[in-house]
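For reference, the chains in residue letters:
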Amino acid sequence: MIDSDGYRTNVAIVLCNDQGRVFWARRIGTDSWQFPQGGVKKNEDSRLAMYRELYEETGLRKHHVEVIGHTRSWLRYDLPERYIRKNSYPLCIGQKQLWYILRLTADESNVRLDCSDSPEFDDWCWADYWMPVDNVVFFKRNVYRDALTELGQYLIPESVPVNPDGYLANPSVSETR
């Protein structure tokens, strides 16, 4: 679904384990890594879209995870000019995403990357919380930084990570250096 401003409505998923590490997946046939994400269908609730995308891309179901939180509003990123399909209608210039942070409550052996007719990923690993910001495709870096900064507040206060700029993701938590 593309809104009137040209942004595809999308959900993004930050899946954490008990150590605060995040699920990081490689797009099939490439050396490009990202968080699970996907489009919201017409008349589909964003939470239902998140669970659908979670299953399609990771094989995990609602009972395998706990929803910890989500961003307060939609976060946007623009596609570089060369990725905009000028001949498509409606024209899509980027994505607006509602980001969810989840905690894996089941064994990681439940992860399966083949639960869709068109799998998106062919490998995955647990990564340090902030590593994806510098390793996702360049045009998504700002939205990843913004999402992880906001979502960090939902983690256990003792494990709230400091973002790459040295600021706490949750300003109410003090840090001893």
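Position numbers for residues start from 1 in each chain and track the written sequence from start to end. Given that this is a predicted model, residues contribute local features only at a pLDDT of at least 70 and side-chain atom pairs are listed and counted only at 80 or more, while totals for whole chains, interfaces and linings are drawn from all residues. Hydrogens and water molecules were not included; the side-chain quantities draw on all heavy atoms of the structure.

Asker: Lay out the nonpolar core with the relevant residues and their values.
Answerer: Side-chain atoms within 4.5 Å are what join buried Ala, Val, Leu, Ile, Met, Phe, Trp, Tyr and Cys residues into a set we call a nonpolar core. Think of it in three bands: residues with accessible area under 20% of the maximum for their type are buried, residues over 50% are exposed, and the middle band is partly exposed, with areas taken using a 1.4 Å probe on protein chains only. Ranked by size, the top nonpolar core spans 26 residues in total, and within it Val-14, Phe-35, Trp-99, Tyr-129 and Tyr-144 carry the most contacts. Among the elements of the structure, β1 (7-16), β2 (22-27), β6 (75-78), β7 (94-104) and α3 (141-151) are those that each provide at least two residues to this core. Per the convention used, a helix needs a DSSP run of H or I reaching at least four residues, while a strand needs a run of E reaching at least two, with both numbered from the N terminus. No other element matches the 5 residues that α3 contributes to this core. Counting 20 residues, the second largest nonpolar core, distinct from the first, contains Ala-49, Leu-98, Leu-102 and Leu-104.

Asker: Residues and numbers for helix α1 (residues 46-58), please.
Answerer: By this rule, a helix spans an expected 1.5 Å times one less than how many residues it contains. With 13 residues, α1 extends 17 Å between its outermost C-alpha atoms, agreeing within 8% with the 18 Å of an ideal straight helix rising 1.5 Å per residue. Within the sequence span of α1, burial applies to Ser-46, Ala-49, Met-50, Tyr-51, Arg-52, Glu-53, Leu-54, Glu-57 and Thr-58. Each element contacted by the buried residues of α1 is listed here: β1, β2, β4 (37-39), β5 (65-70), β7 and β8 (121-127). Between N or O atoms, a polar contact is any pair within 3.5 Å; within protein, one atom must be a potential hydrogen donor and the other a potential acceptor, and residues adjacent in sequence are included only when both atoms are from side chains. Between the side-chain oxygen of the N-cap and the backbone nitrogen of Arg-47 there are 2.9 Å, and the N-cap of α1 in question is Asp-45. One or two residues past the end of α1 sits Gly-59, with phi positive at roughly 80°. Contact criterion: two residues are considered in contact whenever any of their non-hydrogen atoms come within 4.5 Å of each other.

Asker: So what's going on with unusual backbone geometry? Residues and values would help.
Answerer: Phi at Asn-43 is positive, roughly 65°, even though this residue is not glycine. Tracing the backbone through its elements, the reader meets Asn-43 in the loop between β4 and α1.

Asker: Provide a residue-level description of the side chain of Glu-53, including the pertinent values.
Answerer: Residue placement: Glu-53 occurs in helix α1. Take Glu-53: its relative accessible area is 5%, and that puts it in the buried class. Here the side chain of Glu-53 touches Arg-52 through a polar contact of 2.8 Å, side chain to side chain. If sequence neighbours within four positions are ignored, Glu-53 has contacts with Val-11, Ile-13, Gln-37, Gly-38, Gly-39 and Thr-58.

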